[in-house]
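Residues per chain are reported as follows:
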Amino acid sequence: MIGLLLRFYPARWRARYGDEFAALLDERSLGPFDVADVLLGALDAHLHLRGLGAASEHAKGFAMSLRIGGFAAIAGGILWFSGLALSSINQGGDALFALAFGVGTLALLIALIGLSAFQARQYPRLVWAAFVVPALGAVVSLIGMVGMATTGDLPFIGTWSGWSIWAIGVLALIVGSALFGIATVRARALSRPAAATLAISSIVVIPILLGVGVLDDLLPAAAAPLGMALAALAFAGGWVGLGVSALRIDRARPVAQAGGTA
Amino acid sequence: MPPRIPELGRFAEPALLILVSLSDGPKHGYAIMTDVEAGTGRPLGPGTLYAALARLEERGLIEAIAPVDRRRPYRLTAVGATVLADQLRDLAEFADLGLRRLGRARP
């Protein structure tokens, strides 16, 4: 009887689930309800397997966006901070600073795309709104870097120099990162401590970049650069933390207790 | 209220019951069936169970682990746990809303 019922299922389905399904049917005395349910299940399996290719591709794309976003967030955070550190200590020249900052910014843009695609399944409006500002900022800052490399201090677009465009882009990237951090805390899909760190550090860095000098007023002169460095480190650390949590989810580690096997 | 387990159609409810059943540890098919039946008082047919299991596995919400004899246990993934928690939170809020409205409508 069980063998006959299994034959109604497609061969592909039987290859994957056949043994365990037969074991399940062995354990249960089959009534009319079960037989009807199995036959309907077989019909569903035939219909479903026709669309399985598309669903499978969708799932692969979902996992891939998480993986790419995770690696990009880690690389982007580290490179972005390295670029800032190189520019501060001014060793290794402008080329290394530009390379680290440029690649780091590009990586953060990729991270934004990958992680937003992952989180948007739950809060599409919130996450995509928080994606637009930093993504535009990253693109603008990259355009600014091209301007700095090609025209130096001269106007690059209109009366704007490459440096001005880059600075506006970086500012938007940081403001947007604060929004992205807040959205990520709300979405709960990735690490909330890392998202909160990103949001808070971004908010701290903004007045410093704007030259408001808040830290200069609050802290002794020697401590202000340290505050800036810590805020920048926290900003990079927030991105790295989000990347690590994305990779952990991608591995899909079990959350249940192993001892509970029934 | 829109379902939070995506694109499962008529298998959304069995899928939710399966995810809840797996939330306290891995179980194989027969254990899930008996657990769901004990918890809801309604039977979960084997055909429905495996149609929902296959969809949950495709979406990465559950995963199979090494079989014991011919029985293969399944467990929640981290993504599955997140989706389940969100859905249960929404259902709780929806139930609260309904109960509040009932209380208000009571003469």
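J.: In this structure, what is going on with the overall build of chain B? I would like to understand it.
T.: When helices and strands are tallied, chain B shows four helices and two strands. In chain B, the order of α-helices and β-strands from amino to carboxyl end is α-α-α-β-β-α. Taking all 107 residues of chain B together, the buried fraction comes to 44%. Pairs at least 24 apart in sequence give 50% of the contacts found in chain B among residues at least 6 apart.

J.: Is there a simple way to explain the nonpolar core in this structure?
T.: In summary, soluble globular proteins display a tendency toward joint burial of nonpolar side chains. Among the nonpolar cores identified, the biggest contains 93 residues, and A:A73, A:L108, A:L242 and B:I18 are the most heavily contacted of them. Looking at which domains feed residues into this core, each of domain 1 (2-50) and domain 2 (61-250) of chain A gives three or more.

J.: Can you walk me through helix α2 (residues 11-27) of chain A in this structure?
T.: Each α-helix winds once per 3.6 residues, and so residues spaced three or four apart point in a common direction. Residues and elements named next belong to chain A. Here α2 contains 17 residues, and its C-alpha end-to-end distance of 23 Å stays within 8% of the 24 Å for a straight helix at 1.5 Å per residue. The largest bend in α2 comes to about 70 degrees, at Y17. Here α2 has its buried residues at W13, Y17, E20, F21, L24 and L25.

J.: Can you help me understand the environment of A:I168 in this one?
T.: Looking at where A:I168 falls in the secondary structure, it is placed in helix α7 (residues 162-187). Separated by 30 residues in sequence, A:I168 and A:A138 place their C-alpha atoms 9.7 Å apart.

J.: Can you help me understand helix α3 (residues 46-58) of chain B in this one?
T.: Residue and element names in this part refer to chain B. In this model, α3 (13 residues) spans 18 Å end to end at C-alpha, consistent with the 18 Å of a helix rising 1.5 Å per residue. Burial within α3 is extensive, with eleven of its 13 residues counted as buried. Those residues of α3 that fall on the buried side of the exposure criterion are P46, G47, T48, L49, Y50, A51, A52, L53, A54, R55 and L56. G60 sits one or two residues past α3 and shows a positive phi near 75 degrees.

J.: Help me understand the environment of A:S82 in this model?
T.: Residue and element names in this part refer to chain A. Assignment of secondary structure puts S82 in helix α4 (residues 52-89). S82 sits in the partly exposed class, given 18 other C-beta atoms within 10 Å. Once the C-alpha coordinates of S82 and L96 are considered, the two residues, 14 residues apart in sequence, prove to be 9.4 Å apart.

J.: I tried to follow the confidence of the model for chain B on my own but got confused; where do I start?
T.: Where the model shows low pLDDT, its predicted coordinates should not be examined in detail. Across chain B, the average pLDDT comes to 86, with 90% of residues at or above 70. Across the predicted assembly, pTM comes out at 0.52 and ipTM at 0.84.

Calculation criteria
Residues numbered from 1 in each chain as written. Chains lettered and ligands numbered in written order. Predicted model: local features only at pLDDT ≥ 70, side-chain atom pairs only at ≥ 80, totals over all residues. Helix = DSSP H or I, 4+ residues; strand = E, 2+ residues; numbered from the N terminus. Buried ≥ 20, exposed ≤ 12 C-beta atoms within 10 Å, placed from the backbone. Contact = placed C-beta atoms within 7 Å. Core = buried A, V, L, I, M, F, W, Y, C linked by C-beta atoms within 7 Å. Domains from an automatic or database assignment. Expected span 1.5 Å × (residues − 1). Bend = angle between axes of the 7 residues up to and from the residue. pLDDT = per-residue confidence, 0-100.

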